[in-house]
Amino acid sequence: MTNEKGRIDKNCVGRFAPTPSGEMHAGNLLCAFLAYLSVKSRGGKFLVRIEDLDAARCPRSSAQKILHTLHRLGMDSDEPPLWQSERTNFYSEKEKALRSVARVYPCFCTRAQLHTARAPRMSDGGVLYNGACRNLTREQTERLRALHSPCERVAVPDCDVTFTDGIAGNVTQNLARECGDFILRRSDGVYAYQFAVAADDGESGVTEVVRGADLLSSAPRQIWLMQLLGYAPPVYYHIPLVCDASGRKLSKSEGDSAMRLVERMPPESILGALAFAAGLTQKEKPASLNELVREFSWNKVHKDTILLPPSLCQP
Ligand code: GLU
C-alpha cells in the first residue's frame, strides 16, 4: 500500500484514545478518522485505547458505543483495545521507574488553597502549582497524612521542552514556568491523565498522536515523562478546533453524537463528509475508507478551524 508520496512505514503506530465520559461527537470522530488515515496511508497500525481512568465517570456502555461507532466506519483497532481502568498495576510499575529518575512528592493542598484568585494560570486554564508541598519535612508530611490523603506530584526541572507539531508548528514550553509540578496520581489513588497517556503511548510503541488542539499544552509534559521512562516520544498532530456549520464549538454535552450519525447515515457518506470537513477532498461525496487511505496527505488537512458540513450536524 502506498500513499501519494509512496512513503511506507509499517512500523508506524497511531492511536485513538477517547475518554468515554459521554458520547463521542463528530469532532472526536474526526480525530479518530485522521489518526486512522495517517497510519494506514503508510501501512501502519491503528490502536484504540479507552481512557476510562476515572471509572465512576466513564460507564462501560459509553465506551462500547464508541467502539461500535468506529466499527461501523471500518476503523477497528488492530489489537484488542486497552482499557486504562484495568492497567493500575502497569502504572504503578511505571511510577516506581519514574521515582528512580525524578522526584515525586505528596501534596496536601486543597482545591481551595490552589484555586485562589492570585494563583498563576497555565495556558490551558489550569493552576500553576506554587510548590507549597515541595519541601515538607518528614514530620510535616506524617502529620498531614494523618488528616487526609495526598495526591502525588512530580517535580519538574527548569527546562524547555520543544517539539514540532504537524499542525501547530514549533512549540516550546518551559516546564517550571508554564506547567509546574503536576499531578501523577490523585488523592483517591487514580493515576492522572498525563502520566497514564505517556506510559501507555510509550508501552504501545505509538509513533504518532492525533488529537484535539486542546491537548497541545499537555504534549511537553508527556514528552518529558516519556523520555524519563525511556520511551521515544511520538510525532504530534493537534487538530484545530472543530465547529458545526454555524461556527459553534462542538461539545459532548450538547448532544452532537457520532453514534447517532452512524445510525442515520451510511458509512461512506459519513467518511466522505469527514474527509471534506478536514480538507482532504474538494467536494462532499461518499467515499470508502480505502480510497481515502490511498489519497491521504497531511498537507491537505486544514490548519485553522475545521467546519463540519451540515450533513454531520444534528438537525
Ligand atoms: N482521552 C482524551 C480525550 O478524550 C484524549 C487523550 C489523547 O489523545 O492523548 O480528550
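Anything mentioned here points back to the structure above.
Structure report, in brief. (Residues numbered from 1 in each chain as written. Predicted model: local features only at pLDDT ≥ 70, side-chain atom pairs only at ≥ 80, totals over all residues. Heavy atoms only, no water.)

Details of the pattern of salt bridges
Alright, step 1. The tally for this structure, following the rule as stated, stands at 18 salt bridges.
Alright, step 2. As a salt-bridge pair, Glu79 and Lys45 come within 2.7 Å of each other at their nearest N and O atoms. Highlighted residues: Glu79 in the loop between helix 2 (60-72) and strand 3 (82-83) and Lys45 in strand 2 (residues 45-50), separated in sequence by 34 residues.
Alright, step 3. Residue Glu79 is classed as partly exposed on the basis of its relative accessible area of 36%.
Alright, step 4. The network of salt bridges with shared partners includes Arg15, Arg49, Glu51, Arg87, Asp200 and Asp201. (Salt bridge = Lys/Arg side-chain N within 4 Å of Asp/Glu carboxyl O. Helix = DSSP H or I, 4+ residues; strand = E, 2+ residues; numbered from the N terminus. Buried < 20%, exposed > 50% of the residue type's maximum accessible area, 1.4 Å probe, protein only.)

Describing the sheet that holds strand 4 (residues 104-107)
Alright, step 1. One open sheet holds the three strands; their spatial order is 4-5-8, and the pairing between them is antiparallel. The sheet is open, and its two borders are formed by strand 4 and strand 8 (182-185), each paired with just one other strand. If you compare each strand with its neighbour and ignore which way they point, the axes differ by 45 degrees on average.
Alright, step 2. Bridge count for strand 5 (residues 151-154) against strand 8 is three bridges, and the pairing is antiparallel. Following the sheet pairing, Glu152 is matched in strand 8 by Arg185. (Pairing = 2+ DSSP bridges. Axes fitted to C-alpha atoms, helices over the stretch in contact; angles between N-to-C directions.)

A closer look at the side chain of Gln84
Alright, step 1. Along the chain, Gln84 falls in the loop between strand 3 and helix 3 (88-99).
Alright, step 2. Accessibility expressed as a relative area gives 1% for Gln84, which makes it buried.
Alright, step 3. At a separation of 3.0 Å, a polar atom in the side chain of Gln84 contacts the side chain of Asp200.
Alright, step 4. With near-sequence residues (within four places) excluded, Gln84 lies in contact with Arg49, Ile50, Glu51, Asp52, Leu53, Tyr91, Ala196, Val197 and Asp200. (Polar contact = N/O pair within 3.5 Å; in protein donor to acceptor, adjacent residues only side chain to side chain. Contact = heavy atoms within 4.5 Å.)

Some remarks on the site of the ligand
Alright, step 1. The full set of residues close to the ligand is Arg15, Ala17, Pro18, Thr19, Glu51, Tyr193, Arg211 and Leu215.
Alright, step 2. Tyr193 is positioned with one of its side-chain polar atoms (N or O) 3.0 Å from an oxygen atom of the ligand.
Alright, step 3. With respect to the ligand, the side chain of Arg211 contributes an N or O atom lying 2.7 Å from an oxygen atom.
Alright, step 4. Contact with the protein chains covers 81% of the free accessible surface of the ligand, which is 300 Å².
Alright, step 5. In terms of residue class, the shell around the ligand is built from four nonpolar, one polar and three charged. (Near = heavy atom within 4 Å. Areas by Shrake-Rupley, 256 points an atom, 1.4 Å probe, with all protein chains shown as cover. Nonpolar A, V, L, I, M, F, W, Y, C, P; charged D, E, K, R; others polar.)

A look at the packing of helix 7 (residues 193-203) against helix 8 (residues 219-228)
Alright, step 1. Running from N to C, helix 7 and helix 8 point in directions that differ by 55 degrees, and their axes come no closer than 9 Å. With respect to helix 8, the axis of helix 7 lies oblique. Classified by chirality, the crossing of helix 8 by helix 7 is right-handed. On the side of helix 7, the interface is formed by Tyr193, Gln194, Phe195, Val197, Ala198, Asp201 and Gly202, while helix 8 contributes Arg221, Gln222, Leu225 and Met226.
Alright, step 2. When the residues that make up the contact of helix 7 with helix 8 are grouped by side-chain class, the tally is six nonpolar, three polar and two charged. (Parallel < 35°, antiparallel > 145°, perpendicular 65-115°, else oblique. Left-handed = near helix turned anticlockwise from the far one by under 90°.)

A word on empty space enclosed by the protein
Alright, step 1. Considering all chains together, one arrives at one cavity of 30 Å³ or more under this definition.
Alright, step 2. Put simply, the largest cavity is a space of about 30 Å³.
Alright, step 3. Around the largest cavity, the lining residues are Glu23, Met24, Lys65, Ile66, Thr69, Ala258 and Met259.
Alright, step 4. Looking at the lining of the largest cavity, the element that brings in the most residues is helix 2, giving three residues. (1 Å grid on protein atoms, 1.4 Å probe; cavity = no way out; pocket = protein on both sides within 12 Å on 5 of 7 lines; lining within 4 Å. Points joined across faces, edges and corners; volume = space filled by probe spheres on them.)

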